[in-house]
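Tertiary structure, described
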Amino acid sequence: MEKDTDGDTLSDGDDVALGFSPLLQDTDGNGVLDCDEKVEQTISQSIEESEKPEVTDVTVSFSGTVNINNTTTIESIYNVDMLSSEVVGLVGAPVEITSTSQFDEAVITFTYDDTQLGDVPEENLSIMWYDEENNWFKILDQESVVDTENNTVSVTTTHFSKYMLVNKEEWFETWIDSINYTRDENVGYNFAFVVDTSGSMYGDRLARAKEALINFADSLYPNDIKSLISFNSTAKVESWSNEDIDQFKEAVANLQANGGRSVSAGLGKALVSFTAIGGTQEKIIILICDGDVNNCDASINYCIENDIKIYTVNVETADNSALKSMAEKTGGLYYMATSSQDLARMMQRINLEIDQTDSDEDGLPDILEEQGMITTNGQIYQSNPQNPDSDNDGVPDGVEMGVPEGEDYRENIIEAEFTILGIRLYCVFFDAVSNPQEQDSDNDGDKDDIDPHPVSYQLNDQFIYQLDKLEKLAYEYNDGEWDILMKYSIDKEYWLSFMFIRQFADGSANKSNYINGNWPVVGGEIDWGFVNYVYNNNPSLYNYFSSLEYIYANKEGDIADIRHLAATATVYIYETDLLDAKYFSYLPYDEWYDIPTNLQIEFKNATTVVKTEMLEYHFNNLGGWAGDL
């Protein structure tokens, strides 16, 4: 333990390093203890990743408490956190920054090697961070400061997280272009496009609606039926189903905004057009509106009774509960879109929503599996619509994409609004928990079906997860019992856990025996009460360890005998002393408690203890290696 002469919780060395006196708790006499004073400090970490060499150094500077060299870490998480490692447009290795020091603001600086940037312009570099609470990567394009002379990109922040350098242009293109979903062309639908042309739609709003409708028209198929209805205080059919796409587009282009507003008139005219056109296709109303919705109950009830869905698109900046309710009641969806890009995306989303065929019943419509699902880091995953488990890893595709079995994927996707290059976008993406194309998403040796953290590389992740369960049972079983005889160098619960694993090596099937022989002396006798406790309270945990013989020793795939390691760990923890000599065969149990009257017996006892302690010394050295592992 480092010396703390003044008792201010800072070591004398830290006091000196931070400019304080090691003899005074409050060096400057301002009423604030030295340990609570905020001092301007900097910590740097060189980054060496041969696969991602662009970033060479990350520096963090802030005015914080305590010596930040002891409290703050900057660690590369490339190929460890797969979500961050696969961010679209990533430049160099991502890092995770943590600190227990108190601070108000910090400056994070990435230093890059411009010779490694390839075709990425330096001015396109931007810092991004992962918002874990909202499962979203946030790009700080406006806040990032690029210094091309010193090859640095800096940003000021109030918190630490996972940070990375990205090519913002590539990241932006991912979300602006997104996926243009196209449905099954062999399945036709009867669309009624109902457009608000009241005076409030004049100008930009109607122009955006026209652009979106014209683009949507290009996704219609020969088997589709379409009609265009405009409404202000009255409603009018602008284009009938027998007209071709060019005539439909011309009718859209000629829409004019003026007059009052009657949504009920527009819906009523759409229902009349459905009746006049006839046909067996599924009927869908797409309502684009910017204002109040009144007196529509009759039309809504008719739609409910006749399985007609209404998709409502609100082009006003304020939310509209009436439009939202209308969509929910009829089985459609509500969207709010205030830009051309939003409207275009909404029309694409509607194209997706109306075709919900799910051939393999994995919770994901075929159209999504075939054409791709965008995830929080910008990656697009595809899967086999005819196989509910495309990669055969034991996890259904829907579950891998973040959709619990039996639930609607639309209730589990994430919706976000943000601005890119001055363009406001509405985005929808999946919070995927693993990759439906890979059996082992993080390449840590554990398949996704057993990996507790399938996109975070952790060697022996499943083993660590199960060992944690075992330790909790050990604490329950021991129930705070004191180690009166001081037989354990650390908490007995750790010994119980390793002892439990060790006892499976019982010498059966010509395998090692870590139960008998000298093992009770140097590693402690098997506590069969705890073994039975685990078996009775968590049979699956018992079965897991009974079948586990090896764990990975390194990333290269070498393996280690877990039972041998556990046995060695029990030796490292267990404190052998004179009491343990009773386990030797030539010292009967009864004799151990009798006062020896024979010098020969005394000599045997003394010799045994000496040999035992020497044996334990060598085992402890081995146990130290196992503990480090």
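Please refer to the structure placed before this passage.
These lines cover the structure that appears in this document, whether it is placed above or below. Quick caveat: nothing in here was measured; it's all calculated off a predicted structure. (Residues numbered from 1 in each chain as written. Predicted model: local features only at pLDDT ≥ 70, side-chain atom pairs only at ≥ 80, totals over all residues. Heavy atoms only, no water.)

Further remarks concern unusual backbone geometry. A positive phi angle, near 55 degrees, is found at Asn135, a position not held by glycine. Relative to the helices and strands, Asn135 resides in the loop between strand S6 (125-131) and strand S7 (136-139). In this model, Asp479 sits at a positive phi of 50 degrees, which is unusual for a non-glycine residue. If you trace the backbone, Asp479 turns up in the loop between helix H13 (461-478) and helix H14 (492-502). (Helix = DSSP H or I, 4+ residues; strand = E, 2+ residues; numbered from the N terminus.)

To continue, consider helix H9 (residues 321-330). Residues spaced three or four apart along an α-helix point in a common direction, a consequence of the helix completing one turn every 3.6 residues. By the burial criterion, the buried members of H9 are Leu323, Met326, Ala327 and Thr330. Looking straight down H9, one finds that the buried residues subtend no more than 95 degrees of arc, so they occupy a single side. In this structure, H9 carries Ser321, Glu328 and Lys329 as exposed residues pointing more than 90 degrees from its buried face. Turning to H9, the residues buried within the fold contact helix H7 (263-277), strand S14 (282-289), helix H8 (297-305), strand S15 (309-314) and strand S16 (334-336). Two residues or fewer after H9 comes Gly331, characterised by a positive phi angle close to 90 degrees. (Buried < 20%, exposed > 50% of the residue type's maximum accessible area, 1.4 Å probe, protein only. Arc of directions from axis to C-beta. Contact = heavy atoms within 4.5 Å.)

So, on to the pairing of S6. The side chains of a regular strand alternate, residue by residue, between the two faces of the sheet. By the criterion of burial, S6 is predominantly enclosed, with seven of the seven residues buried. Taking every second residue as pointing to the same face, both faces of S6 are buried, with Leu125, Ile127, Trp129 and Asp131 on one and Ser126, Met128 and Tyr130 on the other. With five bridges connecting them, S6 and strand S10 (residues 162-167) associate as antiparallel partners. From the neighbouring strand, Ile127 faces S10, where its bridge partner is Leu165. Summarising the sheet, S6 and S7 pair through four bridges and their orientation is antiparallel. What sits directly across from Asp131, in S7, is Trp136. (Pairing = 2+ DSSP bridges.)

Attention now moves to the packing of aromatic side chains. What the rule picks out here adds up to 27 aromatic pairs. With 6.1 Å between their ring centres and 45 degrees between their planes, Tyr189 and Phe191 make a pair best called tilted. No difference in accessibility class separates Tyr189 from Phe191, as the two residues are buried. (Phe/Tyr/Trp six-rings, centres within 6.5 Å; stacked < 30°, edge-to-face > 60°.)

The subject of this paragraph is the pattern of salt bridges. For the structure on display, the rule yields eleven salt bridges. Of the charged contacts in the structure, one is a salt bridge between Asp104 and Lys38, with a shortest N-O distance of 3.3 Å. Within this pair, whereas Asp104 is found in strand S5 (residues 103-112), its partner Lys38 is found in the loop between helix H1 (12-17) and strand S1 (39-46), the two being separated by 66 residues in sequence. Here Asp104 falls in the exposed class, since its relative accessible area comes to 55%. (Salt bridge = Lys/Arg side-chain N within 4 Å of Asp/Glu carboxyl O.)

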